[in-house]
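# What the coordinates show
Below are the chains, spelled out letter by letter.
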Amino acid sequence: MTTVPREITILSPQAPDGLDLASAAHAVDESYGVRPIDGATAHQVFARGGRALLTVYGAQELNTSGEIERLLTDPPEVRLPVFWVDAIAPLGEDGEAGVSVALRLALALDAVCIIEDD
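Residues numbered from 1 in each chain as written. Predicted model: local features only at pLDDT ≥ 70, side-chain atom pairs only at ≥ 80, totals over all residues. Heavy atoms only, no water.

### A look at the pairing of strand β4 (residues 52-57)
Bridging between strand β3 (residues 42-46) and β4 involves five bridges; their strand directions are antiparallel. Within the sheet, the bridge partner assigned to V45 lies in β4 and is L54. Connecting the antiparallel pair β3 and β4 is a turn made up of five residues, with G49 showing a positive phi of about 85 degrees. One ladder, built from two bridges, connects β4 with strand β6 (residues 82-89); its direction is antiparallel. Among the inter-strand pairings, V56 is bridged to a residue of β6, identified as A87. (Pairing = 2+ DSSP bridges. Helix = DSSP H or I, 4+ residues; strand = E, 2+ residues; numbered from the N terminus.)

### A word on the side chain of S12
Here S12 shows up in strand β1 (residues 6-12). By relative accessible area, which is 0% here, S12 ends up buried. A polar contact of 2.5 Å, which involves the side chain of S12, links it to the backbone oxygen of Q14. Beyond its immediate chain neighbours, meaning those up to four positions away, S12 contacts V82, F83, L109 and A111. (Buried < 20%, exposed > 50% of the residue type's maximum accessible area, 1.4 Å probe, protein only. Polar contact = N/O pair within 3.5 Å; in protein donor to acceptor, adjacent residues only side chain to side chain. Contact = heavy atoms within 4.5 Å.)

Dropping the structure here:
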């Protein structure tokens, strides 16, 4: 059986970097690490044993107000320009840890975090 990961969108006034993600990960659990993946186009938060908790892709800057409304069914109000960051977390306990890191990252960036739950 294939499981679809949880999709997470972060709308941030600034583009997060690896240090922002590492700080958020360590705030949740000091044992979490961060590694670049896909030729450093994404970063992955991992737990002991290398289990992936959260994958965060590169930020895309949005400058057009209609773009967020087009992409999200229930768009939040944000000031433009905004950086759109896609992330995924697995289902289950590891994914819950990943969601915690995503929420911590959004909090640190004064960003909006949207977690898709089916």
